[in-house]
Amino acid sequence: MIDLLGRVCVVTGATRGLGHATASALAGMGATVVMLGRDRDRGERVAQRVREAAAPGAVVSFVQLDLASLASVCAAAAEIAANHHAIHVLVNNAGVHLRSRAESIDGFEMTWAINHLGPFLFTHQLLPQLRAADRARIVNVTSRFGTVGRVVPADIGTPRASSGLRAYFDTKLANMLFTIELAARLEASNITANCIHPGLVATDLMREWPSWIRGAWEWSLRAPASGAAPIVRLAASNAVDGITGCYFVRQRRAPYPRRARAPGLARELWARSEGLVGVR
Ligand SMILES: NC(=O)c1ccc[n+]([C@@H]2O[C@H](COP(=O)([O-])OP(=O)(O)OC[C@H]3O[C@@H](n4cnc5c(N)ncnc54)[C@H](OP(=O)(O)O)[C@@H]3O)[C@@H](O)[C@H]2O)c1
C-alpha cells in the first residue's frame, strides 16, 4: 500500500455504508480524510468516531454535501479547496436506490441528480486540486447492475429521464461511461480514474424498499468493511499504480459491459452533463 500519511482522501457518502467503511479504513492508514455527508450534526458525530479510531498522524474532517443540489456541490468543493491545495484520492461513492420519481432542487430527476450529475460537477470542481497532487486517483463506485442500464443523454434533465429502480441501473451505467470519458480526458495528466463494483454489501442502500426485501438483502450480503476493501485497494494500493479507465469487479479487472462500450456514448453523456450542470 502507498504511505497515506499526509495524503488527502475525499470520500462522498462517508457517513454510512461503504463510504463510512472506506473513510475509516483510509483514516486507519494515516490519511487526511475529508468525509462528506448530507447532515452536518450526524456527519460531525460520525467523523469524531472515525477520528478516535484513526492511526497516528491521520486527520479527519467533515464537510456537508448534498449531491442533489448544484449549489451545495459547488460550496462543498470550494470549502475543500480552501483547506487543501492538493487532493490525492477522490472516492465518488455516495449514491441512492430510490423507489419512486422525485425532483432535485435544480429540477433534475433525483436519482440522476445524486448518482450522476452531482458527482460529475463535484469531480470537475476538484480537478485543479487533483492536478496539484502527485499521482492522484479518482475512484467511482458503480454497480454490476449498470450492465442492464440504458443511457439516453438527451433524456437527462427532461421529464423523460428514468426514475426508480430503472434509474438506479441507468445511473450506474452512467458511472461507467463517466469513468471512461474522464480517464480519456485525463490521459496526459497525473490523474487516474477507475470504477468499481464493490460486490453486494449489507448497507442502508435499500432503505426505501419494503422490510422483507431489505431483510433478505442485508442478511445474505457481505459486511461494509469487506465491501470497502477493494475500494481502498483502488485508492491506495501500489498494485493499481498507473491503471486508468478500467472497470473492476471487486479486486478483479473486468471488461466493461457492452452498453458501456457503445461508440460515442460516453462522449455524448459528458457533453450533455456539462450543459446541464453549467461547466461547459
Ligand atoms: N450496497 C451494495 O450492495 C452496493 C453494490 C454495488 C454498488 N453500490 C454503490 O455503493 C455506493 C454506496 O452505497 P451504500 O451501499 O453504502 O449505501 P448507503 O448505506 O445507503 O450509503 C449511501 C451514502 O450516500 C449518501 N447520500 C445519499 N444521498 C445523498 C445526497 N443527496 N448527497 C450526498 N450524499 C448522499 C448517504 O448519505 P446519508 O448518510 O446522509 O444518508 C450515504 O452516506 C452507492 O454508489 C451504490 O450504488 C452498493
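Now for a look at the structure at hand. Along each chain, the written sequence defines residue order, and numbers are assigned to residues from 1. The model is predicted, so local features are restricted to residues of pLDDT at least 70 and side-chain atom pairs to those at 80 or more, both for listing and for counting; the totals for chains, interfaces and linings are taken over all residues. Remark: hydrogens and water are excluded; side-chain values derive from all non-hydrogen atoms of the structure.

1. Re the layout of surface pockets
Thinking step 1. Here a cavity denotes grid points, spaced 1 Å and computed from the protein atoms alone, that fit a 1.4 Å probe unable to get out, and a pocket denotes an open set having protein on both sides within 12 Å along at least 5 of 7 lines; residues with an atom within 4 Å of a point are the lining. Grid points are joined across faces, edges and corners, and a volume is the space filled by probe spheres set on the points. Put simply, the largest pocket is a space of about 790 Å³.
Thinking step 2. When contributions to the lining of the largest pocket are tallied by element, the ones reaching two or more residues are α1 (17-28), β2 (32-37), α4 (110-131) and α5 (164-185).
Thinking step 3. Helix numbering and strand numbering both begin at the N terminus, where a helix is a DSSP run of H or I of at least 4 residues and a strand a DSSP run of E of at least 2. Per-element tally for the lining of the largest pocket: the top contributor is α1, with three residues.
Thinking step 4. Here the residues of the lining of the largest pocket sort into 17 nonpolar, 14 polar and nine charged. Gly is put with the polar residues, along with every residue not named as nonpolar or charged; the nonpolar set is Ala, Val, Leu, Ile, Met, Phe, Trp, Tyr, Cys and Pro, and the charged set is Asp, Glu, Lys and Arg.

2. Concerning the side chain of E109
Thinking step 1. If you trace the backbone, E109 turns up in the loop between β4 (89-92) and α4.
Thinking step 2. An unpaired buried charge is present at E109: no salt bridge exists, and R101, the closest side chain of opposite charge, is 5.3 Å distant.
Thinking step 3. Contacts are assigned to residue pairs with any non-hydrogen atoms lying within 4.5 Å of each other. Those residues in contact with E109 that sit more than four places away from it in its chain are R101, A102, A161, S162, S163, G164 and A167. Only protein chains enter the calculation, and the probe is 1.4 Å; a residue is then buried if its accessible area is under 20% of its type maximum, exposed if over 50%, and partly exposed in between. A positive count includes Lys and Arg, and a negative count includes Asp and Glu. His and the chain ends are not counted in either. The rule for a salt bridge is simple: a side-chain nitrogen of Lys or Arg has to be within 4 Å of a carboxyl oxygen of Asp or Glu.

3. Digging into the environment of L186
Thinking step 1. Mapping L186 onto the fold places it in the loop between α5 and β6 (191-197).
Thinking step 2. Assessed through its relative accessible area of 3%, L186 is described here as buried.
Thinking step 3. For the pair L186 and Y247, spaced 61 residues apart in the sequence, the C-alpha separation amounts to 16 Å.
Thinking step 4. Leaving out residues up to four positions away in the same chain, L186 has contacts with L127, R131, I138 and I191.

4. Description of the site of the ligand
Thinking step 1. Here a residue is near a molecule or strand as soon as one of its heavy atoms is found within 4 Å of it. Inspection of the region around the ligand gives 31 residues, with R38, N93, Y168, V201 and T203 positioned closest.
Thinking step 2. Here a polar contact is recorded for every N or O atom pair within 3.5 Å, except that within protein the pair must consist of a potential hydrogen donor and a potential acceptor, and residues adjacent in sequence are included only if both atoms are side-chain atoms. Separating an oxygen atom of the ligand from a backbone N or O atom of L18 is a distance of 2.8 Å.
Thinking step 3. Between the ligand and N93, the relevant distance is 2.7 Å, taken from an oxygen atom to a main-chain nitrogen or oxygen of the residue.
Thinking step 4. Surface burial for the ligand is 98%, taken as the share of its 890 Å² of free accessible area covered by protein chains.
Thinking step 5. To qualify as sitting in a cavity or pocket, a molecule needs more than half of its atoms within 2 Å of the grid points. Spatially, the ligand is embedded in the largest pocket.
Thinking step 6. Of all the secondary-structure elements, those providing two or more residues to the shell around the ligand are α1 and α5.
Thinking step 7. Here the residues of the shell around the ligand sort into 14 nonpolar, 10 polar and seven charged. Throughout, the Shrake-Rupley method with a 1.4 Å probe supplies accessible areas, and for residues the shown protein chains are the sole cover considered.

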